[in-house]
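Take a look at the letters that make up each chain.
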Amino acid sequence: MTASSKTSAMMRRGAEFLGTEHAILCGAMSWVSERNLVSAISNAGGFGVIACGAMTPELLDTEITATKALTDKPFGVNLITMHPMLFDLIAVCAKHKVGHVVLAGGIPPKGSVEAIKEFGGKVLVFAPTLALAKKLLRSGADALVIEGSEAGGHIGPVSTSVLAQEFLPELAADHIVFVAGGIGRGEMIASYLEMGASGVQLGTRFACATESIAHPAFKKAFFRGNARDAVASVQVDLRLPVIPVRALKNKGTEEFTAKQIEVAKRLDEGIVDMMAAQLEIEHFWAGALRRAVIDGDVETGSVMAGQSVGMVTKEEPVAEIIAQLLAECEAALTKR
């Protein structure tokens with residue numbers, strides 16, 4: 001019996017699907033989930049995922065090449081479904097024979113799942129409702145990530161614990177399902193594995209790892225923050241469907257409210273259409289997040305964090321974070 005034999009047994013399906021030692025994915029965090037953190041997570045037996053975000057195909061090409069130079073272990077690429085060059089980005093993944101592509105931020109457009117499967121890639125999708133999850137799995141998705149509103153970054157309206165109770169009994173026996181949102185300790189991982197999850201995804205817990213390139217000021221904001229500080233953005237105009245974003249409350253939170261009012265006004269005036277309006281909001285987030293992560297502007301930048309931020313208290317190497325999570329999970333399962 002190995003130190004984490006129960007955990008390994010319960011993660012086996014997920015780990016085999018990912019080609020990793022442990023079925024622990026790192027959530028794709030724009031500017032944070034790049035070559036250094038992604039390779040460190042994969043090298044530690046987890047599954048790193050490059051956050052493509054607003055990258056051009058050329059930038060993604062460079063990032064995948066650089067990540068491959070740092071690890072020979074499997075890693076994935078997260079693509080935003082509303083990216084105007086989605087199919088060019090899929091072509092870059094095809095060129096590099098990326099094993100797994102995560103399609104996030106909306107329903108995958110027609111032909112995108114097929115384009116990934118054509119080069120042998122596995123497709124992971126997000127689904128906010130059970131009906132949509134079943135539809136996506138029927139139409140070719142290989143695995144599902146259910147992510148609750150406790151997560152950082154773009155979030156849905158329902159908590160992880162409710163989604164898990166709704167989705168896992170229906171889908172876990174026949175499908176690979178990963179649970180995400182608000183996971184900060186191994187005991188929580190144990191609970192979701194017992195409910196049938198094939199593995200888990202964590203973002204906030206890894207954002208301040210030693211290997212994360214995030215600015216020291218960004219990391220300090222995490223260490224100071226607690227669950228109540230990680231708030232969801234407010235939707236100002238019902239005609240502008242903006243996916244809420246969870247981040248630590250600061251001046252940037254207020255600036256986003258003002259940005260929505262400005263974009264909604266131009267939408268009303270017919271200056272921009274809905275797609276352009278939504279892309280502008282996305283670009284606002286990308287810029288605000290970059291200011292926080294890269295430049296350390298934690299006042300007006302967007303410090304995206306999940307409600308598990310209170311469990312991030314110090315900088316630690318990725319390997320130690322994963323070892324701690326597995327030890328906590330194993331201890332919880334052994335006590336059962």
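Shown above is the structure to which this text applies.
This structure is a prediction, so every number in the text was calculated from the model and none was measured. (Residues numbered from 1 in each chain as written. Predicted model: local features only at pLDDT ≥ 70, side-chain atom pairs only at ≥ 80, totals over all residues. Heavy atoms only, no water.)

Q: It is not clear to me how the overall build of the protein chain should be interpreted in this structure. Could you clarify?
A: Assigned secondary structure in the protein chain consists of 13 helices and 11 strands. Along the three orthogonal principal directions, the C-alpha set of the protein chain runs to about 65 × 45 × 40 Å. The buried share of the protein chain, reckoned over its 336 residues, is 53%. Counting only contacts in the protein chain whose residues sit at least 6 apart along the sequence, the fraction spanning at least 24 positions is 65%. Surface exposure of the protein chain reaches about 14400 Å², of which carbon and sulfur atoms provide 57%. Within the protein chain, one finds 32 positive and 37 negative side-chain charges whose respective centroids are separated by 3 Å. (Helix = DSSP H or I, 4+ residues; strand = E, 2+ residues; numbered from the N terminus. Buried < 20%, exposed > 50% of the residue type's maximum accessible area, 1.4 Å probe, protein only. Contact = heavy atoms within 4.5 Å. Areas by Shrake-Rupley, 256 points an atom, 1.4 Å probe, with all protein chains shown as cover. Lys, Arg positive; Asp, Glu negative; His and termini not counted. Charge placed at Lys NZ, Arg CZ, Asp CG, Glu CD.)

Q: How should the pattern of salt bridges be read in this particular structure?
A: Where charged atoms of side chains with opposite charge meet at close range, the side chains can pair. Across all of its chains, the model carries 17 salt bridges by this definition. Among the salt bridges present, the one from glutamate 187 reaches arginine 185, with a minimum N-O distance of 2.9 Å. Between arginine 336 and glutamate 194 there is a salt bridge; the shortest N-O distance is 2.8 Å. Pair noted here: arginine 336 is in the segment after helix H13 (318-335) and glutamate 194 is in helix H8 (residues 186-194), with a separation of 142 residues, a long-range link. Residue arginine 336 is classed as exposed on the basis of its relative accessible area of 52%. Linked by salt bridges that have partners in common, Lys259, Glu262, Arg266 and Glu280 make up one network. (Salt bridge = Lys/Arg side-chain N within 4 Å of Asp/Glu carboxyl O.)

Q: I would appreciate a short explanation of the packing of aromatic side chains in the present structure.
A: Any pair of aromatic rings gets described here by the distance separating the centres and the angle formed by the planes. A full pass over the atoms with the stated rule returns 5 aromatic pairs. Ring centres 4.4 Å apart and planes at 40° place the aromatic pair phenylalanine 256 and tryptophan 285 in the tilted group. Within this pair, whereas phenylalanine 256 is found in helix H11 (residues 251-268), its partner tryptophan 285 is found in helix H12 (residues 274-293), the two being separated by 29 residues in sequence. Taken individually, phenylalanine 256 and tryptophan 285 each receive the classification buried, so the pair is uniform in this respect. One aromatic cluster in this structure is built from Phe256, Phe284 and Trp285. Here arginine 290 stacks its cationic end above the ring of tryptophan 31, 5.2 Å away from the centre of that ring. (Phe/Tyr/Trp six-rings, centres within 6.5 Å; stacked < 30°, edge-to-face > 60°. Lys NZ or Arg CZ within 6 Å of the ring centre and 35° of its normal.)

Q: How do you make sense of unusual backbone geometry when you look at a structure like this?
A: Most peptide bonds take the trans configuration, and most residues that are not glycine carry a negative phi. Not every positive phi belongs to a glycine, and tryptophan 31 is a case in point at roughly 70°. You can see tryptophan 31 is positioned in the loop between strand S1 (24-26) and helix H2 (35-43). Look at tryptophan 31 and you get partly exposed, because its relative accessible area is 35%. For lysine 97, which is not a glycine, the phi torsion comes out positive at approximately 50°.

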